[in-house]
Amino acid sequence: MPSLQSLRRKIAAFKNTQKITKAMKMVAAAKLKRSQDRILAARPYAHKMRSVLGNLSRRVNRTAHPLLRKHGGRKVEILVVTSDRGLCGGFNGNIIRKTVEFLRQSEAQGLQVNLSIVGRKGRDYFRRRAWPIRQEWTGVFDKLSFEHAIDIGDDVSSNFVNGTFDEAYVVYNEFKSAIQQRVIVEKLFPIDAAAEFGSVQAEGTTGGSYLYEPDEAELLNALVPKHVQVQAYRILLESAAAEHGARMAAMDGATRNAGQLIKKVTLYYNKTRQAAITKELMDIVGGAEALK
């Protein structure tokens, strides 16, 4: 039977943990509000950008821009977007499981796979595995800005153009609500009208042709790189909002669990204390009877 002092220490530890998880929940809720506002503002622009590029990719000559060209090789790159910190429930675990599943499917098809990773959690996991990591970014979500999207988008684009890989995919968490995220596997390169865009299929399936002003090549040179940067920014914003939502839900559950543990251990402490007092009283009564 544990001593009363050890039970008091355990109750105090549970209370301190509850204070920490409650504070983390409040911080995550405040960050979630800002991240949610940012992604809701960025989504319509990113969706329309994808729709426009989807239409163009179906109508223009695909050799007009290097990011539209389809390569015939067997090399695939997977961009994995995880968080830098833990304590966010199954946020990172779901991403890693989906990535590993996609990796094994690709290897079963005879494809050569490389990884690029955003976030320390994904980096730490895949560093201990056999899959090669070409590039990694950490600390992105501390002060997320469009410059991070430019850096990531330009790196992946330039390597695709240079032939480092023939197709590129991204695995990330799409923000649905404060308590719901969805793991998405999305094709980045080559840009394709039929590629799935989060939970929205690419629009613009009508026929017809376009008149270009200025010419087609100049328009694509201006539009395609900007499209890549916008989609990279949207993906980072989706992941940031999903992370804060997952952390808020996880810390809320941890706070409630700590409260239940405190009640349970307090009840056991009171029973143990009462049993000790009863035993002492019985010893006193027994000693008094022996003196008689």
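Starting from 1, residues in each chain are numbered consecutively following that chain's sequence as written. With pLDDT at 70 or above as the cut-off, local features in this predicted model cover only qualifying residues; side-chain atom pairs require 80 or more to be listed or tallied, and sums for whole chains, interfaces and linings still use all residues. Just so you know, side-chain values use all the structure's heavy atoms and leave hydrogens and water out.

## Brief notes about the domain arrangement of the protein chain
Next, step 1: In this entry, domain limits derive from an automatic or database-based domain assignment. Along its sequence, the protein chain is organised into domain 1 (4–26 + 250–290) and domain 2 (34–195 + 212–248).
Next, step 2: With centres defined by C-alpha atoms, the gap from domain 1 to domain 2 works out at 49 Å.
Next, step 3: Once two parts are put together, the accessible area they lose, assessed with a 1.4 Å probe and summed over both, is termed the buried area. Both sides together, the interface formed by domain 1 and domain 2 hides about 420 Å², and carbon and sulfur atoms give 64% of it.
Next, step 4: When the buried surface of domain 1 facing domain 2 is broken down by residue, Met24, Ala250 and Met251 rank first, second and third, together holding 78% of it.
Next, step 5: Definition used for salt bridges: Asp or Glu carboxyl oxygen within 4 Å of a side-chain nitrogen of Lys or Arg. Applying the counting criterion to the domain 1 and domain 2 interface returns 0 salt bridges.

## Focus on the environment of glycine 93
Next, step 1: The numbering of helices and of strands both runs from the N terminus, where a helix is a DSSP run of H or I of at least 4 residues and a strand a run of E of at least 2. Of note, glycine 93 is situated in helix 2 (residues 91–108).
Next, step 2: The class for glycine 93 is partly exposed, based on a relative accessible area of 27%.
Next, step 3: In this structure the C-alpha to C-alpha distance between glycine 93 and isoleucine 277, which are 184 residues apart in sequence, comes to 49 Å. Each residue is placed in one exposure class: buried if its accessible area under a 1.4 Å probe, protein chains only, is under 20% of its type's maximum, exposed if it is over 50%, and partly exposed if it falls in between.

## Here we look at the nonpolar core
Next, step 1: Residue types Ala, Val, Leu, Ile, Met, Phe, Trp, Tyr and Cys, when buried and joined through side-chain atoms within 4.5 Å, form a set referred to as a nonpolar core. Core analysis: the biggest nonpolar cluster contains 46 residues, and Leu79, Val81, Val118, Phe189 and Leu236 have the highest contact counts within it.
Next, step 2: The set of elements that each furnish at least two residues to this core consists of helix 1 (4–59), strand 1 (75–81), helix 4 (146–161), strand 4 (167–177), strand 5 (180–189) and helix 5 (216–291).
Next, step 3: Among the nonpolar cores identified, the runner-up in size contains 16 residues, and Val76, Val100, Ile117 and Tyr169 belong to it.

## Notes on the sheet that holds strand 2 (residues 112–118)
Next, step 1: Pairing between two strands is assigned when DSSP locates at least 2 bridges connecting them. Taken together, the 5 strands give an open sheet; going across it, the order is 3-2-1-4-5, and neighbouring strands pair in mixed fashion. This sheet does not close on itself; its edge strands, each paired only once, are strand 3 (133–137) and strand 5. Each adjacent strand pair in this sheet contributes to an overall mean axis angle of 20°, direction not counted.
Next, step 2: Direction of pairing for strand 4 relative to strand 5: antiparallel, over a ladder of 9 bridges. Looking at strand 5, one finds that valine 170 is bridged to glutamate 186. Interaxial angles span 0 to 180 degrees and are taken between N-to-C directions of axes, which are lines fitted to C-alpha atoms, for helices over the stretch in contact.

## Side note on empty space enclosed by the protein
Next, step 1: Of the two site types, the cavity is a set of points on a 1 Å grid over the protein atoms alone where a 1.4 Å probe fits but cannot get out, and the pocket is an open set with protein on both sides within 12 Å along at least five of seven lines, each lined by residues with an atom within 4 Å of a point. Grid points are joined across faces, edges and corners, and a volume is the space filled by probe spheres set on the points. Counted under the stated rule, the structure contains 2 cavities of 30 Å³ or more.
Next, step 2: By volume, the largest cavity amounts to about 200 Å³.
Next, step 3: In terms of lining residues, the largest cavity is bounded by 19 residues, among which Leu188, Val228, Gln231, Ala232 and Ile235 are the most central.
Next, step 4: Listing elements by their share of the lining of the largest cavity, those giving two or more residues are strand 1, helix 4, strand 5 and helix 5.

## Quick notes on helix 4
Next, step 1: With 16 residues, helix 4 should cover 22 Å at 1.5 Å per step; its first-to-last C-alpha distance of 22 Å lies within 8% of that length.
Next, step 2: Within helix 4 the residues assigned to the buried category are Ala149, Ile152, Gly153, Asp155, Val156, Ser157, Asn159 and Phe160.
Next, step 3: Residues are treated as being in contact if the distance between any of their heavy atoms lies within 4.5 Å. Residues of helix 4 that are buried make contact with strand 1, strand 2, strand 3, strand 4, strand 5 and helix 5.
Next, step 4: The positive-phi residue at the C-terminal boundary of helix 4 is glycine 163, with phi of around 90°. For a helix, the expected span equals 1.5 Å multiplied by the number of residues minus one.

## Digging into the packing of aromatic side chains
Next, step 1: For this analysis, a ring pair means two rings from Phe, Tyr or Trp (six-membered ring only for Trp) whose centres lie within 6.5 Å, classed as stacked if their planes differ by under 30 degrees, edge-to-face if by over 60, and tilted for the remaining angles. Overall, the coordinates contain 6 aromatic pairs when judged by the stated rule.
Next, step 2: Their ring planes at 70° and their centres at 5.2 Å tell us that phenylalanine 102 and tyrosine 169 sit as a pair that is edge-to-face. In this pair, phenylalanine 102 sits in helix 2 while tyrosine 169 sits in strand 4, placing the two residues 67 residues apart along the sequence.
Next, step 3: Measuring from centroid to centroid gives 6.2 Å for phenylalanine 160 and phenylalanine 165, while their planes differ by 40°, and the two rings are tilted.
Next, step 4: Taken together, the aromatic side chains of Tyr125, Phe126 and Trp131 make up a single cluster linked through ring pairs.
Next, step 5: In this analysis the charged atom, NZ for Lys or CZ for Arg, is taken to sit over a ring once it is within 6 Å of the ring centre and within 35 degrees of the ring normal. Its guanidinium or amino end placed over the ring of tyrosine 125, arginine 129 lies 3.9 Å from that ring's centre, counting from NZ or CZ.

## Thoughts on the environment of proline 44
Next, step 1: In this structure, proline 44 sits in helix 1.
Next, step 2: Residue proline 44 is classed as exposed on the basis of its relative accessible area, which comes to 52%.
Next, step 3: As a C-alpha pair, proline 44 and valine 183 span 139 residues in sequence and 20 Å in three-dimensional space.

## Observations regarding the environment of arginine 134
Next, step 1: Looking at the secondary structure, you find arginine 134 in strand 3.
Next, step 2: Separated by 90 residues in the primary sequence, arginine 134 and valine 224 have C-alpha atoms spaced 23 Å apart.
Next, step 3: Residues contacting arginine 134, with those up to four places away along its chain left out, are Glu77, Leu115, Ser116, Asp155, Val156, Asn159, Thr164 and Phe165.

## What to know about the packing of helix 2 against helix 3 (residues 120–127)
Working note: a packed helix pair is described by the angle between its axes plus the distance between those axes.
Next, step 1: At their nearest, the axes of helix 2 and helix 3 sit 10 Å apart, and the two run at 45° to each other. Comparing the axis directions of helix 2 and helix 3 gives the class oblique. Here helix 2 runs over helix 3; the crossing is right-handed. Between helix 2 and helix 3, the contacting residues are Asn92, Ile96, Thr99, Val100 and Leu103 on the first element and Lys121, Tyr125 and Phe126 on the second.
Next, step 2: Side-chain classes follow a simple rule in which Ala, Val, Leu, Ile, Met, Phe, Trp, Tyr, Cys and Pro form the nonpolar group, Asp, Glu, Lys and Arg form the charged group, and the remainder, Gly included, forms the polar group. Within the contact of helix 2 with helix 3, the residues separate by chemical class into 5 nonpolar, 2 polar and 1 charged. For classification purposes, angles smaller than 35 degrees are called roughly parallel, those larger than 145 roughly antiparallel, those between 65 and 115 roughly perpendicular, and all remaining angles oblique. Left-handed describes a crossing in which the near helix is turned anticlockwise from the far one by less than a right angle; the clockwise case is right-handed.

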